[in-house]
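A structural walkthrough
Listed here are the chains, written in short residue letters.
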Amino acid sequence: MESFLEKIGEFGWYQRRMFLLLSLPTIIVAMQKLAWVFLGANVDHRCRLPWEGPNATFAIDPVEANASYPWNVKKKAFDRCLVYDFGDSYDNFTESPEVITKSPGGVSMPCSANVYDTSKYATSAVIDYDLVCSRAWLRATVQSVYMAGMLVGSYLFGDLSDRFGRKPVFLAALLLMVVVGVGQAAIPDYYAFTTARFVLGASLQGVFLVSYVMAMELVGKKRRVLVGVLAQAFYTLGYFTTAILAMNIGSWRWLQVAMTLPAVLFLPYYWVIPESSRWLVTKGRGVEARATLEKASRVNKKPVAEEVIDDAIQPPDDSKDGAKGNFLDLFRHPNLRKKTLNLFFNWMVNSAVYYGLSLNTSNLGGNDYINFMISGAVELPAHVITILLLDRVGRRPPLCVSMILGGVALLSTILIPQDMTIVLVTMAMMGKLCITMSYAIIYVFSAELFPTVVRNVGVGSSSMLARVGGALAPYVNLLTEYWRPLPLMIFGGMSVTAGILSLLLPETLDKTLPETIEDGERFGRKTSGLREDKEDNMLENLTEKDNN
């Protein structure tokens, strides 16, 4: 197949057209992944007082607030989740008394009901499901359950696409995303809504991962870095689209519908997008693969000889590479095990920091919409820098530097006063730019470090660990209730640690990549003399035992 792609152009007009079509759904996927910033927007709130009705407004006279709410010394404001216990004195009040003479300092109690500030966000899932105070953790749980759905979807739809083909699984996931995405906007119950978010997360992974794999299978090996990073740029477009829609649609439920319905436009892909020729070849469906390859050659205006196509559609002989590896093979040998654990940690940290920063824009101060758009805008130069560096400097130095610089930028927020919003946002966005770079690099780096026989299981397992990091991020963001910079400090410390550990990984630029488990164990191992011979003998003995 590689020889065929070299002759017709590794990223010719046919591949570019298919790449564009396959990447457009990523915009919808990005909107759904980032939507919780606005769907579940943090809304200021206070306890509803006994004499206030259900339609009470958030604004309250300072004298009345002083007499009704205990003072929170740490936050230097009236407590939003506690109110003085007035007993039965005001049970029958229908409107606020003219003057409240009760002295502050009495017994306080949790809110029986809340009043929300709707001046910034007219509606929010936080308001509808009352996700504040003792229920605030349920807001974080929505996003964590969604990430858990992504984890399941990564494995489920990846396996299904290998079994039944890329195109039918992509379209099935797309249809499921539309149905669940629109349907959840009408769900009145919190737990049913959270369940729907789980299914939505799984379906989105089916859409993104399968379309991403199809796009990567279209191009030659010399263009995969370019295509892999460019695919991430469509995710950035989803950032801007989300902010624009959120600024113009007041209802969070209608916003969810507006971000989902455009996916219907991709259903005609059934008649437009061909099945992956690589997948067809592995399944012995050479006639269908030939038709696709002939069309690619024709569209690129680079005809090839019949024997070239005949060679491209020959099913691979798995016996040439030995038996396929499994998950346990990643941990059988010391050097491969260390690299695997290092990569797993880097993936988890990248995902946690990326989604933590993306979902934390409303906690930085200033305008939420502008912060969100800046958070998306910094990804564009990050993608450009990544493309320029990967094939010039290598993989390891940019990964290490981007993660350490990003972590230092986030840690520096400790020194920034909370009223210096512009400086605080700038440093957080510097961290976001760096983590976007490292996230793009780790995709390429991992695929090159894992041996061919365990490459799919290695990258797939890494992606699943990334979902764990993404699921933890919303809970870390809850720590702003104790101290606003605390989440940024945690994310910064994790990023610096992962960056330092990445120095232990071997460079892959211009290196012959490992094919077998033995290759993977030897790749990047720094030993010499008798010790190396001894380890090689042990490895050969273990390999023979595994084969037997």
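Chains are numbered independently. Their residues run from 1 in the order of the written sequence. The model is predicted, so local features are restricted to residues of pLDDT at least 70 and side-chain atom pairs to those at 80 or more, both for listing and for counting; the totals for chains, interfaces and linings are taken over all residues. Heavy atoms throughout the structure, all of them, feed into the side-chain values; hydrogens and water do not.

Focus: the overall build of the protein
- Put simply, DSSP H or I for four residues or longer makes a helix, DSSP E for two residues or longer makes a strand, and each gets a number counted from the N terminus. Across its full length, the protein carries 24 helices and 6 strands.
- Of all 548 residues assigned to the protein, the portion counted as buried reaches 51%.
- Surface exposure of the protein reaches about 24,800 Å², of which carbon and sulfur atoms provide 62%. Remark: exposure states derive from per-residue accessible area (1.4 Å probe, protein chains only) relative to the maximum for the residue type, with buried under 20%, exposed over 50%, and partly exposed in between. Residue burial considers only the protein chains on display, and all accessible areas are found by Shrake-Rupley using a 1.4 Å probe.

As for the pattern of salt bridges
- One speaks of a salt bridge when a side-chain nitrogen belonging to Lys or Arg is within 4 Å of a carboxyl oxygen belonging to Asp or Glu. For the structure on display, the rule yields 12 salt bridges.
- With its nearest N and O atoms 2.2 Å apart, the salt bridge here joins aspartate 310 to arginine 290. With a gap of 20 residues between them, aspartate 310 in helix α15 (residues 306-312) and arginine 290 in helix α14 (residues 286-299) connect regions that are remote in the sequence.
- Here the salt bridges do not stand alone but share partners, grouping Arg290, Glu294, Glu306 and Asp310 into one network.

Examining the packing of aromatic side chains
- Centres within 6.5 Å make a pair out of two Phe, Tyr or Trp rings, where for Trp the six-membered ring is used; the pair is then stacked when the planes are under 30 degrees apart, edge-to-face when over 60, and tilted otherwise. Taken as a whole and assessed by the stated rule, the structure comprises 25 aromatic pairs.
- Between tryptophan 347 and tyrosine 443 the ring centres are 4.8 Å apart and the planes differ by 65°, which places this aromatic pair in the edge-to-face class. Taken as a pair, tryptophan 347 in helix α16 (residues 334-358) and tyrosine 443 in helix α20 (residues 421-449) lie far apart in primary sequence, 96 residues in all.
- Residue classification places tryptophan 347 among the buried residues on the basis of a relative accessible area of 0%.
- An aromatic cluster of at least three residues, connected via ring pairs, comprises Phe208, Tyr212, Tyr235, Trp347, Tyr354, Tyr355, Tyr439 and Tyr443.
- One cation-aromatic arrangement involves lysine 33 over phenylalanine 208; the distance from NZ or CZ to the ring centre is 5.1 Å.
- In this scheme, Lys NZ or Arg CZ marks a charge over a ring once it lies within 6 Å of the ring centre and within 35 degrees of the ring normal. It is lysine 167 that lies over the ring of tyrosine 270; its NZ or CZ is 5.2 Å from the centre.

Observations regarding a nonpolar patch on the surface
- A grouping of Ile414, Leu415, Tyr482 and Trp483 is seen on the molecular surface, where their side chains present a nonpolar patch of about 470 Å² in accessible area.
- Positionally, isoleucine 414 belongs in the loop between α19 (396-411) and α20. Nonpolar side chains (Val, Leu, Ile, Met, Phe, Trp, Tyr) are joined into patches within 5 Å and like charges within 9 Å, using only residues with over 30% relative accessible area and no salt bridge.

Looking at the nonpolar core
- Only buried residues count toward a nonpolar core, which is a set of Ala, Val, Leu, Ile, Met, Phe, Trp, Tyr and Cys residues joined through side-chain atoms within 4.5 Å. The biggest cluster of nonpolar side chains holds 124 residues, and the ones touching the most others in it are Phe4, Phe38 and Met177.
- With 13 residues, the top contributor of residues to this core is helix α9 (residues 190-216).
- Once residues within four sequence positions are removed from consideration, methionine 177 is found in contact with Ile28, Leu200, Ser203, Leu204, Val207, Thr260 and Ala263.
- Within the second largest apolar cluster, 8 residues are counted, among which are Ala382, Val425, Ala428 and Cys434. In what follows, residue pairs with any heavy atoms lying within 4.5 Å of each other are defined as contacts.

Quick word on the state of the cysteines
- Our working definition of a disulfide is a cysteine sulfur pair at a distance within 2.5 Å. Per the stated rule, a full pass over the model turns up 2 disulfides.
- Between the sulfur atoms of cysteine 47 and its disulfide partner cysteine 111 the distance amounts to 1.7 Å. Taking the torsion about the sulfur-sulfur bond, which here is approximately -65°, the covalent link between cysteine 47 and cysteine 111 counts as left-handed. Here the residue cysteine 47 occupies a position in strand β1 (residues 45-47), and cysteine 111 occupies one in the loop between β5 (108-110) and β6 (114-116), the gap between them amounting to 64 residues.

Structural notes on unusual backbone geometry
- Phi angles above zero are rare outside glycine, and aspartate 130 is one such case at about 55°.
- As for its placement among the helices and strands, aspartate 130 is situated in the loop between α6 (125-128) and α7 (136-164).
- For aspartate 130, a relative accessible area of 28% translates into the label partly exposed.
- The phi torsion at cysteine 133 lies on the positive side, around 55°, for a residue other than glycine.
- Tracing the backbone shows cysteine 133 in the loop between α6 and α7.
- A relative accessible area of 27% means that cysteine 133 is categorised as partly exposed.

Some points on helix α8 (residues 166-183)
- What a helix is expected to span follows from its residue count: subtract one and scale by 1.5 Å. In a regular helix each residue adds 1.5 Å, so 18 residues correspond to 26 Å; α8 covers 26 Å between its end C-alpha atoms and thus fits that length.
- When α8 is considered as a whole, its buried residues turn out to be Arg166, Lys167, Val169, Phe170, Leu171, Ala173, Leu174, Met177, Val178, Val180 and Gly181.
- Where α8 is buried, its residues touch α3 (25-34), α7, α9, α11 (252-260), α12 (269-272) and α13 (277-282).

Some points on the environment of tyrosine 84
- As for its placement among the helices and strands, tyrosine 84 is situated in strand β4 (residues 82-84).
- Here tyrosine 84 falls in the buried class, since its relative accessible area comes to 6%.

Focus on the packing of α9 against helix α10 (residues 224-248)
- Under this scheme, a helix contributes an axis fitted over its contacting stretch, all axes are lines through C-alpha atoms, and angles between N-to-C directions fall in the 0 to 180 degree range. Running from N to C, α9 and α10 cross one another at 150°; their axes reach a closest spacing of 10 Å. Taken together, α9 and α10 sit at an angle that is classed as roughly antiparallel. Crossing handedness for the pair α9 and α10: right-handed. Of α10, the residues touching α9 (which contributes Phe208, Tyr212 and Met216) are Arg224, Val227, Gly228, Ala231 and Gln232.
- A breakdown of the residues in the contact of α9 with α10 according to their chemical character gives 5 nonpolar, 2 polar and 1 charged. Under this scheme an angle from 65 to 115 degrees is roughly perpendicular, one under 35 degrees roughly parallel, and one over 145 degrees roughly antiparallel; angles in between are oblique. The handedness criterion is simple: a crossing whose near helix is rotated anticlockwise from the far helix by less than a right angle is left-handed, and one whose near helix is rotated clockwise is right-handed. Here the nonpolar group is Ala, Val, Leu, Ile, Met, Phe, Trp, Tyr, Cys and Pro; Asp, Glu, Lys and Arg are the charged ones; every other residue, Gly included, is treated as polar.

A few points about the side chain of asparagine 342
- Here asparagine 342 lies in helix α16.
- On the basis of relative accessibility, which here comes to 8%, the residue asparagine 342 falls in the buried class.
- One polar contact links the side chain of asparagine 342 to the main-chain carbonyl oxygen of leucine 501, over a distance of 2.7 Å.
- Not counting residues up to four positions away in its chain, the partners in contact with asparagine 342 are Leu501, Ser502, Leu504 and Leu505. Whenever two N or O atoms come within 3.5 Å, that pair is a polar contact, provided that in protein one can donate a hydrogen and the other can accept it, and provided that, for residues adjacent in sequence, both atoms are side-chain atoms.

Details of the packing of α10 against helix α18 (residues 379-390)
- At a minimum axis separation of 9 Å, α10 and α18 run at an interaxial angle of 175°. By the angle class used here, α10 and α18 are roughly antiparallel. Contact residues: α10 offers Val225, Leu226, Val229, Leu230, Gln232, Ala233, Tyr235, Thr236, Tyr239 and Phe240, while α18 offers Glu379, Leu380, His383, Thr386, Ile387 and Leu390.
- In the contact of α10 with α18, the residues fall into 11 nonpolar, 4 polar and 1 charged.

Points about the confidence of the model for the protein
- Confidence along the protein averages 83 in pLDDT terms, with 89% of residues attaining 70 or more.
- When mean pLDDT is compared element by element in the protein, α11 scores highest at 95, while helix α24 (residues 529-547) scores lowest at 48.
- On a scale of 0 to 100, pLDDT captures the predictor's confidence in every residue. Ignoring residues within four places in sequence, the model shows residues 528-536, a span with pLDDT below 50, making 6 contacts including any to other chains.

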